[in-house]
Each structure stands twice: as C-alpha cells, then as structure tokens.
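A look at the structure
Listed below are the residues making up each chain.
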Amino acid sequence: MQKLKIIFMVTLMLLMMLVTGCANFRHLAKEVDMLNRVYVEYQVTIESQHETESFVLVQLQSLDADTIDGYEVVIGNQHITVTGDTKSQYLFTFNDTNNDLRFQVGEAFSINLLPEDTSNPLLLYLSNSQDNYPQALVDKPLNNLVNVNFSPAKIGEPADLDFPQFDREIAELGMWKPITHLKQGNSGIFFIDDFDPNKIPVLFIHGMNGTARDFAPLIAKLDRQKYQVWVMNYPSGLSIELLANGLNSLIKIIDYRYDVKTFHIVAHSMGGLVTQAYLNLCRNQLGCDDIASFSSISTPFAGVDSAQSGVDYAPVVMPAWRNLAPNSDFINTLFIDSSSEPLAKNRDDLTRPPHQLIFGYKVSGIINKKSSDGVISLDSQLRDTAQQQAERIYGFNEDHVSILSNDNLAKVLHQFWLTAEKQHAAR
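No experiment lies behind these values; they were computed from the predicted model shown.

The rules we used
- Residues numbered from 1 in each chain as written.
- Predicted model: local features only at pLDDT ≥ 70, side-chain atom pairs only at ≥ 80, totals over all residues.
- Heavy atoms only, no water.
- Helix = DSSP H or I, 4+ residues; strand = E, 2+ residues; numbered from the N terminus.
- Buried < 20%, exposed > 50% of the residue type's maximum accessible area, 1.4 Å probe, protein only.
- Polar contact = N/O pair within 3.5 Å; in protein donor to acceptor, adjacent residues only side chain to side chain.
- Pairing = 2+ DSSP bridges.
- Axes fitted to C-alpha atoms, helices over the stretch in contact; angles between N-to-C directions.
- Phe/Tyr/Trp six-rings, centres within 6.5 Å; stacked < 30°, edge-to-face > 60°.
- Core = buried A, V, L, I, M, F, W, Y, C linked by side-chain atoms within 4.5 Å.
- Contact = heavy atoms within 4.5 Å.
- Salt bridge = Lys/Arg side-chain N within 4 Å of Asp/Glu carboxyl O.

Structural notes on the side chain of Arg-352
Secondary-structure assignment places Arg-352 in the loop between helix H9 (329–332) and strand E14 (355–360). Overall, the relative accessible area of 6% leaves Arg-352 in the buried class. Polar contacts involving the side chain of Arg-352 include one to the main-chain carbonyl oxygen of Gln-389, which spans 3.3 Å.

This is the structure we're talking about:
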C-alpha cells in the first residue's frame, strides 16, 4: 500500500510538471510568434570618412511623425545591425556632432526607405546639403519622442534590489514570456546607487533565469565610496544577439547622458555571452574606450549541451537556445573579429578591455558528475579561445550559484579592477 502511494505521488508530480511545461511552451510559442511579427533586423553600413564619428539611427513610420519607433547610437562606419519595428517605414540617420541625442539643422543626415527584403545591407550616404529632414524632430530630445509597442528599456532609472522587477517570478517571466517582460517595463539598466560622477560604475549582468538580486552578496562587499552599482535586467529567453544589440545601444545612450569615462562590467553565466557579443559590437564601432574591464563568472563560452537538446526536441524553441547550442553560428563566431581573425590576447589592442575569466568547478547534485560547476561544464567555461583572450583566469571550488557568495570573489574583482584602472588611465 505504501509503495502504491509513493508511485501515485511520483506519477502525480510528473503529470504536474508535464502540465506546467506544456503551459510554458504554449506561452513561449505565442511570444516567439509575436516577436517575429514585431521585430526585424537590418544590416546597415554608413559611408563616412571618419571612424570615430557618432551616428544616431532613428526609426519612423512617416516623415512627418512627431514620435519615433526607436533609435540606436553607433560609433564609426562599420557594419551595424539595427533592430527595428516591422511597422517602421523609414530610417532617419544623422551625424550627432555635438553628442546631445538631438538632430540640429546643419548636421549631416540621410533618409532611407526600409526595404521589405532584409537580406541586402543598407548603404547610407549622409549629407548636410539637404533640406528634407523631418521637421518635427529638430532639436527635440529623442528619448522623449519614443512611442513603441513595448515599454522602452529603462535607462538609469533609480532602483533597489528589493524592487519587484528583480523578483524570481519576473526572471522566469523573461524566459517563457519575454515580450510580456518587456511590455511590463522590467528591462533596462537600473542605477542601484544615485549617479555620482566621482564614482566608478560597476555594471552587473545576470544570466538565464537570473536577476540582479543574484549579485546581492557580491554588491554588499563593494567599496561604495569608490564604486557605484548599475544592474542590467533583461528577458533571458530572447536571442543573445538581440540582447547584445540592446546593451550596445543602452550603454551608448548612458554615455551621452552622463559622460561616463570609466566603468567595469561583471557578468554571470549567459550574461557573459551577452557581454562578449556586445564587446564585439562596440569594438567594431570603436566605442569601447570607456570600459575599463570585463569579468565573466561561470560563463558557457562553448555553449550548453542542453540548449541543443531544446533546439532538437522541444515543441517550441526558445530564441536564446539557438545561440547557446554548442555548434551555433553565435558560439562559433563569438571570438572572431570583423576581419574573420580569431580574437587573442594583445596588450597593444586598446579597443578591447581586459578580460578576467572566473570559473567554478564544484560538482553539485547526484546525477551530474561531469567536470563542471553543476550547471556549466568546465570545457565550456574554459574554452581555449576564451582563455587566450583573458588577461587573468581564476577558479573557485563553488557551484554555479554559490560562486557569487564566495568571500574571496570581491577581493579578486577589486584587485583586477585596480590594475585595469591604471591601464585605462594610461591609454
């Protein structure tokens, strides 16, 4: 009788898990369909003679509109990926010569009709001799004109780690219902401390199903007299490439608003992939000058096997899984620069901030006995190309979560930051 009761309880638990899983996949299917209907990516190249010029790309539904669908900031004339709204009809691009995120008459610009076929890149030619610029945008702050389907990402909004957007339920929402996560205004870069131009920001970026609250033990050990805390919150079910593009745009806008000269990035798990992809973008655009260092913690640089299983067998594929699969194009090109050459440690490369690779090696659980931190294999954390890029490699006998609470982690980060800050000041 007792045995039958146990079997019944186990069967009931499995059925509940199956029902919950099916519900998650139904939610994900709707959100992925919405994502495909709302977002589109364009490849753009700006014809310019100056590699360090600042350009703003504005999406419009009509040339006389007094609102915009979104905007991105880029540095230089390299290849650019613009994530747009499918309702947008025009791309208005201008050279923001005074870095104020406003278009002024006299600044070179171009207006391009967005093509239905996104396979061919747009080549933009800017000129200041034209007079057909959108009149409603002249000398208006772009962040006040944004009117999008989803709540725009928060940029520098004050927050506390106890705020609801950092709850575990919101993290799970970001996996299975990423569009809902965006609509509710949970995404962006939040300032845990009041902005202080005399303190160095540290930007913390969580991993899949993570939240800024995961960093609480580490944040508590920071020297708040010298450093100020920023956190990125994002729906981790989205494509990592899309997230990296968003991070690139957010940081550019923050740079403009606050004139930040130096900051550090600390990223956990998948957040390290988002950061590495972002750094590839900003390096190509010559826009990484203000990043003093990048510290990755337990990051799957070679991908995650279970993500491949999700791609192969799940009824609905989470966009992030496609990037996380070990043989994905994203993983294969993660350490390849724009000239198709492998990224390697080069102290003369001033466009790349120094990287500290931190890994965990404590196996947890009774099933997973592979060399790992209980979640991410050592092979993936210690991918050869990641080690070649890293300035420093440091391991902890911790699992995937406990590593963030290790008493020595803050010391390791502080030591690395001090060295990086000296190098950054000498550039």
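A look at unusual backbone geometry
One non-glycine residue, Asp-139, adopts positive backbone phi at about 55°. Take Asp-139: it is sitting in the loop between strand E7 (122–125) and strand E8 (154–158). Of note in the backbone geometry, Ser-269 takes a positive phi value of approximately 55° without being a glycine. In this fold, Ser-269 is placed in the loop between strand E12 (263–268) and helix H6 (270–284).

Describing the sheet that holds strand E9 (residues 188–191)
With mixed pairing, 8 strands are arranged side by side in an open sheet as E8-E9-E11-E10-E12-E13-E14-E15. Looking at which strands have only one partner, the edges of the open sheet turn out to be E8 and strand E15 (392–396). Going across the sheet, the axis of each strand differs from the next one's by a mean of 20°, ignoring polarity. One ladder, built from 4 bridges, connects E9 with strand E11 (residues 227–233); its direction is antiparallel. Bridge pairing links Phe-191 to Trp-230 in E11.

Description of the packing of aromatic side chains
Summed over all chains, the structure comprises 19 aromatic pairs. Centre to centre, the rings of Phe-109 and Tyr-133 are 6.0 Å apart; their planes meet at 85°, and the pair counts as edge-to-face. Highlighted residues: Phe-109 in strand E6 (residues 109–113) and Tyr-133 in the loop between E7 and E8, separated in sequence by 24 residues. The pair formed by Phe-109 and Tyr-133 is uniform in burial state, with each residue classed as buried. A ring pair is formed by Phe-204 and Phe-215, whose centres lie 5.1 Å apart and whose planes are at 45°; its orientation type is tilted. Highlighted residues: Phe-204 in strand E10 (residues 200–205) and Phe-215 in the loop between E10 and helix H4 (216–219), separated in sequence by 11 residues. You'll find Phe-204 and Phe-215 in the same group, each marked buried. Chaining the aromatic ring pairs together yields one cluster made of Phe-92, Phe-94, Phe-103, Phe-109 and Tyr-133.

Digging into the nonpolar core
Val-58, Tyr-71, Ile-189, Leu-203, Leu-247, Leu-273 and Tyr-278 are the most contacted members of the largest nonpolar core, which has 71 residues in total. Counting residues per element, this core draws most heavily on helix H5 (residues 240–258), at 10 residues. In this structure, Leu-247 is in contact with Ile-189, Leu-203, Ile-205, Met-232, Val-274 and Tyr-278, ignoring residues within four places of it in sequence. Leu-161, Phe-166, Phe-204 and Val-231 belong to the second-largest nonpolar core, a separate cluster that totals 28 residues.

What to know about the pairing of strand E5 (residues 90–95)
Of all 6 residues that make up E5, 5 are buried, and the element is covered over most of its length. As defined by bridge partners, strand E2 (residues 54–60) adjoins E5 across 6 bridges and the pair is classed as antiparallel. Paired with Leu-60 across the strands is Tyr-90, a residue of E5. The pairing of E5 with E6 spans 5 bridges and is classified as antiparallel. What sits directly across from Phe-92, in E6, is Ile-111.

Some words on the pattern of salt bridges
By the definition in use, this model includes 6 salt bridges. Its salt-bridge partner being Asp-407, residue Lys-221 comes within 4.0 Å of it at the nearest N-O pair. Of this pair, Lys-221 sits in the loop between H4 and E11 while Asp-407 sits in helix H12 (residues 407–426); the two residues are 186 residues apart in sequence, bridging distant segments of the chain. What makes Asp-407 exposed here is its relative accessible area of 57%.

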